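What follows is the residue order along each chain.
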Amino acid sequence: MRPPNSKKCEVPSHGRQNGGDQAFHGKCQSCDGVEKPSHSRENGVSLKEHRGIGSFNGDHTDALSVDGAKGSLARSGHVDSAGCGHDGCLHGNNGSCMACDDQESDREQGGHTLDDLFFFNDEEEDDIDWEPSAHRVENRWFCLNCTVPNLDEVTHCQNCHELKGSEVAGYDDFKTHIAQTALVSADTASQLVSTAIGFDERMLLHSEIEIKPNPHPERPDRLRAIAASLAAAGIFPSKCALVPPREITEELIRVHTSDHVESIEQTKNMLYSYFTSDTYANGHSTCAAKLAAGLCANLASLILSGRVRNGFALVRPPGHHAGVKQAMGFCLHNNAAVAALAAQKAGAKKVLIVDWDVHHGNGTQEIFEGDKSVLYISLHRHEDGSFYPGTGAAHEVGVLAGEGFSVNIPWNCGGVGDNDYIFAFEHVVLPIAAEFAPDITIISAGFDAARGDPLGCCDVTPAGYSRMASMLTACSEGKLLIMLEGGYNLRSISSSATEVVKVLLGDIPSHSTDAAAPSNEGMQTVLQVLEIQQKSPCFCLVNGENKLKRRMLAAGPGPVWWKWGSKRLLYEVLFEGFRPRKSKAKGK
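The following refers to the structure shown. In this text the structure is predicted, and so the values were computed from the model without any measurement. (Residues numbered from 1 in each chain as written. Predicted model: local features only at pLDDT ≥ 70, side-chain atom pairs only at ≥ 80, totals over all residues. Heavy atoms only, no water.)

Section: helix α7 (residues 335-345)
Among the 11 residues that make up α7, 9 are buried, leaving the element largely enclosed by the rest of the structure. Within α7, the full set of buried residues consists of N335, A336, A337, V338, A339, A340, L341, A342 and A343. Where α7 is buried, its residues meet α4 (250-253), α6 (285-305), β15 (351-355), α8 (362-368), β18 (440-445) and β19 (480-484). One or two steps after α7, the chain reaches G347, where phi turns positive at roughly 125°. (Buried < 20%, exposed > 50% of the residue type's maximum accessible area, 1.4 Å probe, protein only. Helix = DSSP H or I, 4+ residues; strand = E, 2+ residues; numbered from the N terminus. Contact = heavy atoms within 4.5 Å.)

A few points about the sheet that holds strand β14 (residues 308-313)
Sheets are built from strands that pair by backbone hydrogen bonding, the pairs being arranged parallel or antiparallel. With parallel pairing, the 8 strands of this open sheet are ordered in space as β11-β10-β14-β19-β18-β15-β16-β17. Two strands close off the open sheet at either side, each with one partner strand: β11 (241-243) and β17 (406-411). Adjacent strand axes in the sheet meet at a mean angle of 20° when their direction is disregarded. Note: strand β10 (residues 193-198) against β11, 3 bridges, orientation parallel. In the sheet register, A196 faces β11, and the bridge partner there is A241. Helix α9 (residues 418-436) contacts β15, β16 (374-381) and β17 of the sheet and is inclined by roughly 170° relative to β16. (Pairing = 2+ DSSP bridges. Axes fitted to C-alpha atoms, helices over the stretch in contact; angles between N-to-C directions.)

Let's talk about the pairing of strand β12 (residues 272-276)
Consecutive side chains of a regular strand alternate in pointing toward one face of the sheet and then the other. Along β12, 5 of the 5 residues are buried, which leaves the element largely enclosed by surrounding structure. Examined bridge by bridge, β12 and strand β13 (residues 279-282) share 4 bridges and lie antiparallel to one another. Its bridge partner being in β13, Y272 is matched across the sheet by N282. In this structure, the hairpin formed by β12 and β13 is closed by a connection of 2 residues.

Structural notes on the packing of aromatic side chains
Under the counting rule described, the total for this entry stands at 10 aromatic pairs. Taking the centre distance of 5.5 Å and the plane angle of 45° together, the rings of W356 and Y465 count as tilted. Remark: Y465 occurs in helix α10 (residues 462-472) and W356 occurs in the loop between β15 and α8; sequence separation between them is 109 residues. Each member of the pair, W356 as well as Y465, is classed as buried. (Phe/Tyr/Trp six-rings, centres within 6.5 Å; stacked < 30°, edge-to-face > 60°.)

A word on the side chain of N362
For N362, the position within the fold is in helix α8. What N362 contacts, discounting residues up to four positions off in sequence, is H320, H321, Q326, M328, P389 and T391.

Observations regarding the packing of α9 against α10
The N-to-C vectors of α9 and α10 enclose an angle of 10°; their axes lie 10 Å apart at closest approach. Considering their axes alone, α9 and α10 lie roughly parallel with respect to each other. For the pair α9 and α10, contact is made by D418, Y421, I422, F425, E426, V429 and L430 and by G464, R467, M468, M471 and L472, respectively. When its residues are assigned to classes, the contact of α9 with α10 shows 8 nonpolar, 1 polar and 3 charged. (Parallel < 35°, antiparallel > 145°, perpendicular 65-115°, else oblique. Nonpolar A, V, L, I, M, F, W, Y, C, P; charged D, E, K, R; others polar.)

Points about unusual backbone geometry
A cis amide bond links R316 with the next residue in sequence, P317, at an omega value of 5°. With respect to the helices, strands and loops of the structure, P317 is situated in the loop between β14 and α7. In this structure, P389 follows Y388 across a cis peptide bond, with omega equal to 0°. Along the polypeptide, P389 turns up in the loop between β16 and β17.

Describing helix α3 (residues 221-232)
Here α3 contains 12 residues, and its C-alpha end-to-end distance of 16 Å stays within 8% of the 16 Å for a straight helix at 1.5 Å per residue. Where burial is concerned, most of α3 is hidden: 11 out of the 12 residues are buried. Two residues or fewer after α3 comes G234, characterised by a positive phi angle close to 80°. (Expected span 1.5 Å × (residues − 1).)

Regarding the side chain of S519
Assignment of secondary structure puts S519 in the loop between α11 (490-504) and α12 (520-533). Among the polar contacts made by the side chain of S519, one reaches the side chain of D420 at a distance of 2.7 Å. Looking at S519, its side chain comes within polar contact range of the main-chain nitrogen of G522, at 3.0 Å. (Polar contact = N/O pair within 3.5 Å; in protein donor to acceptor, adjacent residues only side chain to side chain.)

Structure representation (structure tokens):
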């Protein structure tokens, strides 16, 4: 018998164990020794040591200090790291990665007492290969920045180099500004607002109550760190308006089944409960989930009405794993889906959802896979289905009337970075989005593909996220809604989110004029997607003369050449001579 908060725990290699389930909802928990350090100067949040200001390497004089109480932290099913023996991992021999496998999505495991959660019939989930590696170890400490465990004698986190004893500091500065911030809603008479922020403190009350050996990565400090970073950067409240919070119910029924909505509602009567081994709820989770979805819906409506040019939803719990009738992967309600339907109710005919969270948004795809009015594009780690949640293969293009309106760009390994994402944007995301011509663009902005994230183990920088957001601003004439999904390194998510909000405010991201080539693995993935998409009805439905299709046909069977010849030669043949023209917007 084993506790319900622990699934199969296997020593992973970026989730490439065939058939392995991913505990902790399969998200890679830590990378010991990522090739590029996670303590670059771009990471704008610093954490405060008990006796002074702590930073990655002691020279972050411009880093943000964040005040406030520590969030309630508890997480299940953590496994200590082991060497990554996987050939496809871009970390190579320079480091090792840690992941846990868990692709199961259990029904709600109710109960608000220890007896309910620990003493029940567990025959169906009795795994003989499960190792009780999550037992409490007394001589270790957990990094506040990334939650990775470290031996007690180590003074800096081995994953992110954060100083032992750091605390979150500075959130109180953000709180003092909330009352001073202008509010924007459909009922208020005001001029056009450039950027609106969606936030409410009650979402901080959603936390794991049960005491566990390890902290849960989806914790309240995520919002505190981002909020404090926005305040320290001078963005909030001087440059942004605040959207009044609203708990929604009716809009949820349009996305989820009534049984699902009711199951979430019932958690307010429990001290704590679990929908899956890693998807928790407490007495405040119902309110937090309805607030998160409501803020996203309000922002979408305000953008479509013209009251707000764009917006950023600083919300939790995240939502893109929540499907029609199940909560999973830390997600309770699907915030992106609620926002998309709110936008359509406000007048949008076509909605584009771009999901750059490192995990595939299986819930969002499920909700819209038969709907051609919503184009869903996801960039995520997949690794032949061994990375959580296992969905999102390139051949998943939608069903029935929505066939061709789901576009998946599945990375085959960890370590993918800025160049890979920008390459995919230039050759897949932007051409398809431009032909689709959406009325509003929604970004499911998970920052767990960021450098130093303990679960994603990828290498995207704040500058990379900034550039991707900038590239999407032209898709729907600037009508852009960015909402927080995942991301579990406090420095990474706060600096990345701040750079993205700067783009919403009109800042032009800095990047080199010469586009760097993607990794071989990244290019291979993009070529695979192009081969599938040229056969997909999406190109024909959107524009039968799609330029990418003509280019691929003219260049010959690229994916076959890949196996026979030089990868660099293939890149030059297919793309060097056919670079897309730079739009005028980019040159401004």
